Amino acid sequence: MAVYTEVGEAELSAFLTRYDMGRLLSYKGIAEGVENSNFLLRSEGGTFILTLYEKRVNRADLPFFVGLMEHLAGKGLSCPLPVQPREGDALGELAGRPAALFTFLEGMWSRRPTADQCGAVGKAMAGMHLAAADFPLQRANSLSVDAWRPLLDACGDDADRVEAGLRAEIAAELTELEADWPADLPQGVIHADLFPDNVFFLQGNLSGLIDFYFACNDILAYDLAICLCAWCFEQDGAFNVTKGRALIEGYQSVRPLNAAEREALPILARGASVRFLLTRLYDWINTPADSFVTKKDPKEYLRKSRFHRQVRSLADYGVTMDSRTA
């Protein structure tokens, strides 16, 4: 469930008096997502999403997240737009949590992405990177390469309960990543979590991007590497080169990668797979059994990490010489 904080009708109605949205007609929790409490609201003024920011989200980061969505929407990118109250800023307080109201984005996410959808995601991500180039706020990536070894240390020997020898395997991979992580690639605002459930499609077309609560400043091509992990593997664990090619070519059709970015993409993908392996591993070990947070199997990203370690060229991602030409 993505509802960690329950909201009563009376306190919700009082909160909504800040907005010109008419009388509340109905509301219900949304049973997806892992970071915040989300509700679907229907009022006389339309349909909205209410988000309550839970303890896993730093309050100090909220102006960055909300401001980024406002900025991107202003540039024409389809994403939830914070609803402005009559007085004050978009962030309020509800049930002891920071809260904001957002416009409702039509569409559904794809549980089995197609190659065409991968291409559309590549284009949308590149468009987001360009649109955010002049966003004035900054937020460091708290889950970049410097954070990975502390996560492994926090898992301790319990990592080997997931798979024998896992701690040593990850430690060896981190040693290589820390030594070889690229330092001079183009940077900007990245989504950092553009998984299929954060991309909506409507009538075959991409209708928008959601859930910007990991967004930060980092290597732009790292965002593409995350999508290679999230979009291009089949349910049996095999990498789909057709989807990989569509994703990368879609991205390059809007923002061509330079030679250094193309060369670095395999190690960026190794890092992306380890990042999600470690956060899943940490939650798997440290989240109580009765917690509301849904634990995800870290072995999925262990398999992806092992695949990316074997990549020797972009051809392994389905990219030909022609498609690499920027």
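Residues numbered from 1 in each chain as written. Predicted model: local features only at pLDDT ≥ 70, side-chain atom pairs only at ≥ 80, totals over all residues. Heavy atoms only, no water.

1. Some details on the overall build of the protein
In plain terms, the rule: Every helix listed is a DSSP run of H or I at least four residues long, and every strand listed is a run of E at least two residues long, numbered separately from the N terminus. Atoms counted for the radius of gyration: C-alpha only. Globule rule: 2.2 Å times the number of residues to the power 0.38. Only protein chains enter the area calculation, which uses a 1.4 Å probe; residues under 20% of their type maximum are buried, those over 50% are exposed, and those in between are partly exposed. What makes two residues a contact is simply this: any of their non-hydrogen atoms within 4.5 Å. Positive charges are assigned to Lys and Arg, negative charges to Asp and Glu, while His and the chain termini are left out of the count. In this description, the location of a charge corresponds to atom NZ of lysine, CZ of arginine, CG of aspartate or CD of glutamate.
In terms of regular secondary structure, the protein is built from eleven helices and nine strands. Relative to the compact-globule value of 20 Å for 326 residues, the protein shows a C-alpha radius of gyration of 20 Å, a close match. For the protein, buried positions account for 54% of its 326 residues. Summarising the internal contacts of the protein: among those between residues at least 6 apart in sequence, 72% fall at separations of at least 24. Of note, the protein has its 33 positive side-chain charges centred 3 Å away from the centre of its 44 negative side-chain charges.

2. Some points on helix H3 (residues 115-131)
Applicable threshold: What a helix is expected to span follows from its residue count: subtract one and scale by 1.5 Å.
Helix length check: H3 (17 residues) gives 24 Å between terminal C-alpha atoms against 24 Å at 1.5 Å per residue, within 8%. Every buried residue of H3 is accounted for by Gln 117, Cys 118, Gly 119, Val 121, Gly 122, Ala 124, Met 125, Ala 126, Met 128, His 129 and Ala 131. Against helix H2 (62-74), strand S6 (187-190), strand S7 (199-202), strand S8 (205-209), helix H7 (220-231) and helix H8 (241-252) lie the buried residues of H3.

3. Here we look at the packing of aromatic side chains
For clarity, the cut-off: To pair, rings of Phe, Tyr and Trp, with the six-membered ring standing in for Trp, must have centres within 6.5 Å; the planes then decide the type, stacked if under 30 degrees apart, edge-to-face if over 60, and tilted in the middle. For a lysine, the NZ atom is tested; for an arginine, the CZ atom; a charge sits over a ring if that atom is within 6 Å of the ring centre and within 35 degrees of the ring normal.
The full count for this structure, using the stated rule, is 16 aromatic pairs. Centroid distance Phe 15 to Tyr 19: 5.8 Å. Interplanar angle 55 degrees. Geometry classified as tilted. Exposure remark for Phe 15: the relative accessible area of 5% places this residue in the buried category. On the basis of relative accessible area, Tyr 19 is assigned to the buried category, the value being 4%. Every member of this aromatic cluster is reached through a ring pair, and the members are Tyr 53, Phe 64, Phe 65, Phe 135 and Tyr 213. The lysine or arginine in question, Arg 275, covers the ring of Phe 214, its NZ or CZ lying 5.4 Å from the ring centre. Of note, Arg 275 hangs over the ring of Phe 276, and the distance from its end group to the ring centre comes to 3.9 Å.

4. A short note on helix H1 (residues 9-16)
Condition: The reported arc concerns the directions from the helix axis to the C-beta atoms and nothing else.
What H1 keeps buried is the set Leu 12, Phe 15 and Leu 16. One side of H1 holds all its buried residues, which, seen down the axis, span an arc of 95 degrees.

5. Notes on the sheet that holds strand S5 (residues 97-103)
Condition: DSSP calls a pair of strands paired once it identifies at least 2 bridges connecting them. The axes are straight lines fitted to the C-alpha atoms, using for helices just the contacting stretch, and the angles between their N-to-C directions are given from 0 to 180°.
Strand order in the open sheet made by the five strands is S1-S2-S3-S5-S4, with antiparallel pairing throughout. Taken across any chain shown, the strands that pair with only one partner, and hence form the sheet edges, are strand S1 (24-29) and strand S4 (92-94). Direction aside, neighbouring strands of the sheet carry axes that sit 35 degrees apart on average. Relative to strand S2 (residues 37-43), S1 is paired through five bridges, and the arrangement is antiparallel. Bridge pairing in S2 places Tyr 27 opposite Leu 41.

6. Here's the deal with the packing of H3 against H7
Rules: Roughly parallel means an angle under 35 degrees; roughly antiparallel means over 145; roughly perpendicular covers 65 to 115; every other angle is labelled oblique. For any helix crossing, the convention is left-handed if the near helix is rotated counterclockwise from the far helix by under a right angle, and right-handed if that rotation is clockwise. Residues are grouped as follows: Ala, Val, Leu, Ile, Met, Phe, Trp, Tyr, Cys and Pro are nonpolar; Asp, Glu, Lys and Arg are charged; every other residue, Gly included, is polar.
Running from N to C, H3 and H7 point in directions that differ by 160 degrees, and their axes come no closer than 11 Å. What the angle tells us is that H3 and H7 run roughly antiparallel. Of the two elements, H3 crosses H7, and the hand of that crossing is right-handed. Facing H3, whose interface residues are Cys 118, Val 121, Met 125, Met 128 and His 129, H7 presents Leu 220, Asp 223, Leu 224, Cys 227 and Trp 231. Looking at side-chain class alone, the contact of H3 with H7 contains eight nonpolar, one polar and one charged residues.

7. Quick notes on the pattern of salt bridges
Heads up, the condition is: Here a salt bridge means any side-chain nitrogen of Lys or Arg lying within 4 Å of a carboxyl oxygen belonging to Asp or Glu.
Applying the stated criterion to the full structure yields 18 salt bridges. Where Glu 173 meets Arg 270, a salt bridge forms, and the shortest distance between an N and an O atom there is 2.8 Å. Here Glu 173 is found in helix H6 (residues 166-180), whereas its partner Arg 270 is found in helix H9 (residues 259-286), with 97 residues between them in sequence. For the pair shown, Glu 173 and Arg 270 are each scored as buried.

8. A word on the packing of H7 against H8
Contact geometry of H7 with H8 gives a least axis separation of 10 Å together with a crossing angle of 155 degrees. On the basis of their axis angle, the class for H7 and H8 is roughly antiparallel. H8 is crossed by H7, and the crossing has right-handed handedness. Along the contact surface, H7 presents Leu 220, Leu 224, Cys 227, Leu 228 and Trp 231, while H8 presents Lys 243, Gly 244, Leu 247, Ile 248 and Tyr 251. In terms of residue class, the contact of H7 with H8 is built from eight nonpolar, one polar and one charged.

9. Things to note about unusual backbone geometry
The general pattern is negative phi for most residues beyond glycine and trans for most peptide bonds. In this model, Ala 95 sits at a positive phi of 55 degrees, which is unusual for a non-glycine residue. Here Ala 95 shows up in the loop between S4 and S5. At Asp 211, a residue that is not glycine, the phi angle is positive and equals roughly 60 degrees. For Asp 211, the position within the fold is in the loop between S8 and strand S9 (216-219).

10. So, the state of the cysteines
Keep this limit in mind: Disulfides are defined as cysteine sulfur pairs within 2.5 Å.
Considering all chains together, one arrives at zero disulfides under this definition. In this model Cys 155 remains outside any disulfide bridge; the closest cysteine sulfur is found in Cys 229, 18 Å from its own. Taking relative accessible area as the criterion, Cys 155 reaches 3% and is therefore assigned buried. Of all cysteine sulfurs in the structure, the one in Cys 227 sits closest to Cys 216, which takes part in no disulfide; the separation is 13 Å.

What is shown is where atoms sit, not what they do.
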